[in-house]
Amino acid sequence: QVQLVESGGGLVQAGGSLRLSCAASGRTFSRYAMGWFRQAPGKEREFVAAINWSGGSTAYADSVTGRFTVSRDNAKNTVNLRMNSLKPEDTAIYYCAADSTAYGIVVVTSEYDYWGQGTQVPVSS
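Residues numbered from 1 in each chain as written. Predicted model: local features only at pLDDT ≥ 70, side-chain atom pairs only at ≥ 80, totals over all residues. Heavy atoms only, no water.

Draft legend 1. Fine view of the overall build of the protein. Helix and strand counts for the protein come out as zero helices and 12 strands. Against the globule reference of 14 Å for 125 residues, the protein gives a C-alpha radius of gyration of 13 Å, in line with a compact fold. Along the first, second and third principal axes, the C-alpha set of the protein runs to 40 × 25 × 25 Å. In the protein, buried positions account for 44% of the 125 residues. Across the protein, the fraction of contacts at a sequence separation of at least 24, relative to all contacts at a separation of at least 6, is 59%. Positive and negative charge centroids in the protein, built from 11 and 10 side chains respectively, lie 8 Å apart. (Helix = DSSP H or I, 4+ residues; strand = E, 2+ residues; numbered from the N terminus. Rg over C-alpha atoms; globule rule 2.2 N^0.38 Å. Buried < 20%, exposed > 50% of the residue type's maximum accessible area, 1.4 Å probe, protein only. Contact = heavy atoms within 4.5 Å. Lys, Arg positive; Asp, Glu negative; His and termini not counted. Charge placed at Lys NZ, Arg CZ, Asp CG, Glu CD.)

So, in structure tokens, the structure goes:
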């Protein structure tokens, strides 16, 4: 069983930055593919970023490429999402997710089997 807890969300002005963190329980965290997703009001949950088990490989949605950076610290059981140059359209609830069956990059929502409760990121214009 894996538990994921996100933190770091909050109101930010357009152009600003935030760093989201996801703390994971479980001794095998370092074996899991991890991802960040977001869900805006009235929209489906969408992929934001993914990172492989070692942190050596990452992937991003086109809408955040060049602005967001995903990283992980397996010694601390955490995965982070650094968000720069935020835009009002980045407003959403951001979720951390773990795929306990994969080591590599996973971008499909349904492949993830563990989810955090989400953290809100409102971006004002």
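Draft legend 2. Local environment of the environment of Gly35. Along the chain, the position of Gly35 falls in strand 4 (residues 33-39). The spacing of Gly35 and Ile105 is 70 residues in sequence and 8.4 Å in space, taken between C-alpha atoms. Ignoring sequence-local partners within four residues, the contact set of Gly35 consists of Ala49, Ala50, Tyr95, Cys96, Ala97 and Tyr112.

Draft legend 3. Geometry of the nonpolar core. Ranked by size, the top nonpolar core spans 38 residues in total, and within it Leu4, Met34, Trp36, Leu81, Met83 and Tyr94 carry the most contacts. Other than its neighbours up to four places away in sequence, Leu81 contacts Leu18, Arg19, Leu20, Trp36, Val48, Ala49, Phe68, Thr69, Val70 and Tyr94. (Core = buried A, V, L, I, M, F, W, Y, C linked by side-chain atoms within 4.5 Å.)

Draft legend 4. Spotlight on the pairing of strand 5 (residues 46-51). Within strand 5, five of the six residues are buried, which leaves the element mostly enclosed by the surrounding structure. When strand 4 meets strand 5, the two strands line up antiparallel, connected through five bridges. Across the sheet, the residue bridging to Arg38 is Glu46, located in strand 5. Here strand 4 folds back onto strand 5 in antiparallel fashion, the turn holding six residues, of which Gly42 has a positive phi close to 80 degrees. (Pairing = 2+ DSSP bridges.)

Draft legend 5. Representation of the sheet that holds strand 8 (residues 78-83) within the structure. Ordered by their spatial adjacency, four strands build an open sheet running 1-3-8-7, and the pairing between neighbours is antiparallel. Sheet topology places strand 1 (4-7) and strand 7 (68-73) at the edges, where each strand pairs with a single neighbour. Neighbouring strand axes in the sheet, compared pairwise and without regard to direction, differ in orientation by 15 degrees on average. By the bridge criterion, six bridges tie strand 7 to strand 8 in an arrangement that is antiparallel. Its bridge partner being in strand 8, Ser71 is matched across the sheet by Asn80. (Axes fitted to C-alpha atoms, helices over the stretch in contact; angles between N-to-C directions.)

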